[in-house]
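Listed below are the residues making up each chain.
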Amino acid sequence: MASRAPDLDTLAQGARTDVAGAGSLQDLTSVRARYLGRKGSVSDLLRGIGDLPAEERSRVGQQVNALKVQIEDWVAERRAALESRERNRHLEEHRLDVTLPAAGQPLGHLHPVSHVQRDMAQFFLARGFSIEEGPEVETEHNNFDALNVPADHPARDMQDTFWVEGDFVLRTHTSPVQIRAMTGRTPPFRFIAPGRVYRHDFSPRNSPMFGQVEGFAVDESVTLANLKELLYAFAKHMFGAVELRFRASYFPFTEPSAELDFRCPLCRGDGCNTCSQTGWIEWGGCGMIHPTVLRNCDIDPERYQGYAFGMGLERGAMLRHELPHIRLLYDGDLRVLEQL
Ligand code: PHE
């Protein structure tokens, strides 16, 4: 049987129609495979060339190869058209409106301890106090001796001290600012001194670094009643209705001395870890400035009296936000801070 030259025109027609009809890139890939793939029609033809009469082989071979190139061209053309259609569709669907306002950065807020500090300053400034500052690295003299806490006195152990080289300490309280502010000044005066203090101490209520606000006033007729009124008004300003306890205590630099406690906001008096089962949390110490301290600052205690107090800042933030541990205020954990 004489072998017939294959009908290349029909094949080309079919390929052209199929390529043009491919509706997607995926379709196109399978159309291409049908003609040019390993088992495709054109490959079949190429394989069949060997069976043709010798005189036809080269001509048919050239025609088939030309057809192959032709189909590749059509496929490439169709692919470009499909890709561009796809791109346009995507652009159409994901239209970007450059005139829309930007999404904006999320805003942070003041740290709860900064809030306490600001509210506090507002209260005292309104009552005629001025703000005084002192260094965090303080002389042993200002931190202890001038405050009537001599070296061999057991009261030094009340505050576990971080010593710095020489006669310096990381101040254990803001009370040394009393010495700095009163020395060389003539009463009457009123100051607050907020700042950081350091003690070797750690518990749910204590951290080695914490904030205090010192406050003191000296005049010719200052009484313990003035101090009490001030602190109760201060607490009301800071916390609204809060149960307070004024408890007799001892400090070498005040006489008489007291501590001011607030109801534990977590257990409300039943006793819990945060308040060490006492139902109360100490907010700070206070009292009438000891005559020796006044004398150390060249103020005549026969003529002048004064009161002083030192309150914890973090304790205030703990009360406000019912925090069980002081460390929550320092960890910088946004999951906590964003709730406060
Ligand atoms: N300095 C004391 C303390 O840190 C608090 C205090 C201040 C007590 C002023 C009395 C007067 O414990």
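Draft legend 1. Highlighting the domain arrangement of the protein chain. Each assigned domain of the protein chain is listed with its residue range as follows: domain 1 (4-89) and domain 2 (112-132 + 177-337). Taking the mean C-alpha position of each, domain 1 and domain 2 sit 91 Å from one another.

Draft legend 2. Quick look at the pairing of strand β5 (residues 189-198). With respect to burial, β5 is a largely interior element, eight of its 10 residues being buried. Note that strand β1 (residues 130-131) and β5 share two bridges and pair parallel. Across the sheet, residue Ser130 finds its bridge partner in β5, namely Phe191. Here β5 pairs with strand β6 (residues 209-219) via 10 bridges, running antiparallel. For Gly195, the partnering residue across the bridge sits in β6 and is Gln212.

Draft legend 3. The arrangement of the site of the ligand in detail. His173, Ser175, Arg199, Gln212 and Gly310 are the nearest of the 15 residues found near the ligand. At 2.9 Å, a side-chain N or O of Gln212 approaches an oxygen atom of the ligand. Bound to the protein, the ligand loses 95% of the 330 Å² it would expose on its own. The cavity where the ligand resides is the largest pocket.

Draft legend 4. Here's a closer look at the environment of Phe202. Locating Phe202 in the fold gives a position in the loop between β5 and β6. Phe202 sits 124 residues away from Ile326 along the chain, and the two C-alpha atoms are 9.4 Å apart.

Draft legend 5. Representation of unusual backbone geometry in the model. The peptide bond linking Pro187 to Pro188 adopts the cis configuration, its omega dihedral lying at 5 degrees. Looking at where Pro188 falls in the secondary structure, it is placed in the loop between α7 (176-182) and β5. In the segment running from Glu255 into Pro256, the intervening peptide bond is cis, with an omega of -5 degrees. Residue position: Pro256 is located in strand β8 (residues 254-263). The phi angle at Asn148 is positive, at roughly 70 degrees, despite the residue not being glycine. Mapped onto the elements of the fold, Asn148 is located in the loop between α6 (140-143) and β3 (163-164). Overall, the relative accessible area of 22% leaves Asn148 in the partly exposed class.

The rules we used
- Residues numbered from 1 in each chain as written.
- Predicted model: local features only at pLDDT ≥ 70, side-chain atom pairs only at ≥ 80, totals over all residues.
- Heavy atoms only, no water.
- Domains from an automatic or database assignment.
- Buried < 20%, exposed > 50% of the residue type's maximum accessible area, 1.4 Å probe, protein only.
- Helix = DSSP H or I, 4+ residues; strand = E, 2+ residues; numbered from the N terminus.
- Pairing = 2+ DSSP bridges.
- Near = heavy atom within 4 Å.
- Polar contact = N/O pair within 3.5 Å; in protein donor to acceptor, adjacent residues only side chain to side chain.
- Areas by Shrake-Rupley, 256 points an atom, 1.4 Å probe, with all protein chains shown as cover.
- 1 Å grid on protein atoms, 1.4 Å probe; cavity = no way out; pocket = protein on both sides within 12 Å on 5 of 7 lines; lining within 4 Å.
- Sits in = over half its atoms within 2 Å of the grid points.

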